[in-house]
2 protein chains.
Amino acid sequence: MGVIHKNFEDVEPEIPDERGANNVTIRWLISRKDGAKNFAMRLFEIEKDGCTPYHRHDWEHEVFILEGKGKLVMEGREEDLNPGDFVFVPPMEWHQFKNDESERLRFLCLIPIKDK
Amino acid sequence: MGVIHKNFEDVEPEIPDERGANNVTIRWLISRKDGAKNFAMRLFEIEKDGCTPYHRHDWEHEVFILEGKGKLVMEGREEDLNPGDFVFVPPMEWHQFKNDESERLRFLCLIPIKDK
């Protein structure tokens, strides 16, 4: 298939269909349809007062904060998110990303591709 | 091990030991030592006139340009790199990242973790 090189703005944002996601969009930058076999790269944008679901699941997240500020909610605690922060959420850890203060919180979130 | 949350500046830059890498540092943000089992997140910084090796290998790269400008060199062609660009380099594709114009080219490059 060759090397794929685009800008994230070339990829349409979608509305996640999961309950508990508010004012969030997701762009699937690199995924199975591009030939990726091991992990997928997605870009999330959370508008002010938006959030991802507070949930957990049996796969990990690897996150990098590109722009904006927000909160990382974990079981029993929360921490400030700033550009340049990265987060490793191991499988089965509760987590949520919230934007309670900036115009837009933009981050990458990568996940494993499970059925190979 | 729980959720890991840091800033990339908390991770020391290292000099890659591969021949052909010039004026490049790598920070291993999330890797096997953090409990990651499927893929690793690294942050590269290439100073002006620096480059990664022109090479290929049997694993893929998933890259996101954070800051700066540069060139993506592939077999027989090259393309401009700008912030917000992403690149999927499939296994066995020739590739090189060069900084020929900006103060610093900073990007994420994720790779699979092979021996599970």
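Reading the values: rules and limits
- Residues numbered from 1 in each chain as written.
- Chains lettered and ligands numbered in written order.
- Predicted model: local features only at pLDDT ≥ 70, side-chain atom pairs only at ≥ 80, totals over all residues.
- Helix = DSSP H or I, 4+ residues; strand = E, 2+ residues; numbered from the N terminus.
- Rg over C-alpha atoms; globule rule 2.2 N^0.38 Å.
- Buried ≥ 20, exposed ≤ 12 C-beta atoms within 10 Å, placed from the backbone.
- Contact = placed C-beta atoms within 7 Å.
- Nonpolar A, V, L, I, M, F, W, Y, C, P; charged D, E, K, R; others polar.
- Pairing = 2+ DSSP bridges.
- Least-squares fit on C-alpha atoms with pLDDT ≥ 70 in both.

Participant: Which parts of the structure should I look at to understand the overall build of chain A?
Facilitator: The helix and strand inventory of chain A stands at zero helices and nine strands. Along chain A, from the amino end to the carboxyl end, the secondary structure elements read β-β-β-β-β-β-β-β-β. Taken over the C-alpha trace, chain A has a radius of gyration of 14 Å; the compact-globule value for 116 residues is 13 Å, and the two agree within 12%. Dimensions of chain A, computed from C-alpha atoms along their principal axes, come out at roughly 45 × 30 × 25 Å. Burial status across chain A gives 32% buried among its 116 residues. A separation of at least 24 residues holds for 65% of the contacts in chain A among residues at least 6 apart in sequence.

Participant: Would you explain the interface of chain A and chain B in this entry?
Facilitator: Counting residues at the interface gives 35 residues for chain A and 35 residues for chain B. Taken together, the elements giving at least two residues each to the side of chain A that touches chain B come down to strand S1 (4-7), strand S2 (22-30), strand S3 (39-51), strand S4 (61-67), strand S5 (70-74), strand S7 (85-89) and strand S9 (104-112) of chain A. The residue makeup of the side of chain A that touches chain B, split by class, is 20 nonpolar, seven polar and eight charged. Across four bridges, the pairing between S7 of chain A and strand S1 (residues 4-7) of chain B is antiparallel. Its bridge partner lying in S1 of chain B, valine 87 of chain A is registered against histidine 5 of chain B.

Participant: How do you make sense of the relation of the copies chain A and chain B when you look at a structure like this?
Facilitator: Applying a rotation about an axis and a shift along it to one chain copy brings it onto the other copy. Here chain A sits on chain B after a turn of 180° about the axis and a move of 0.0 Å along it, with an RMSD of 0.0 Å. Classification of the inter-copy transformation places it as that of a two-fold axis. A shared interface surface links the copies, since 100% of the contact residues of chain A are contact residues in chain B too.

Participant: Would you mind showing me how to read the environment of aspartate 49 of chain A here?
Facilitator: Residue and element names in this part refer to chain A. Looking at where aspartate 49 falls in the secondary structure, it is placed in strand S3. C-alpha of aspartate 49 to C-alpha of asparagine 23: the two residues are 26 residues apart in sequence and 7.5 Å apart in space. Contact partners of aspartate 49, with chain neighbours within four places excluded, come to Asn23, Asn99 and Asp100.

Participant: Just to check I follow, could you spell out unusual backbone geometry for this structure?
Facilitator: Generally, phi is negative for residues other than glycine and the peptide bonds are trans, each holding for most cases. The backbone of asparagine 23 of chain A shows a phi angle near 55°, a positive value even though the residue is not glycine. Among the structural elements, asparagine 23 of chain A can be located in strand S2.

Participant: Please clarify how the environment of valine 87 of chain B should be interpreted in this entry.
Facilitator: Residues and elements named next belong to chain B. Counting through the fold element by element, valine 87 comes out in strand S7 (residues 85-89). On the basis of neighbour counts, which here come to 23 C-beta atoms within 10 Å, the residue valine 87 falls in the buried class. With 24 residues separating them along the chain, valine 87 and valine 63 place their C-alpha atoms 5.0 Å apart.

Participant: Can you help me understand the environment of proline 90 of chain A in this one?
Facilitator: Among the secondary structure elements, proline 90 of chain A is positioned in the loop between S7 and strand S8 (96-98). In the structure, proline 90 of chain A is positioned 50 residues away from alanine 40 of chain A in sequence and 16 Å away in space, judged by C-alpha atoms.

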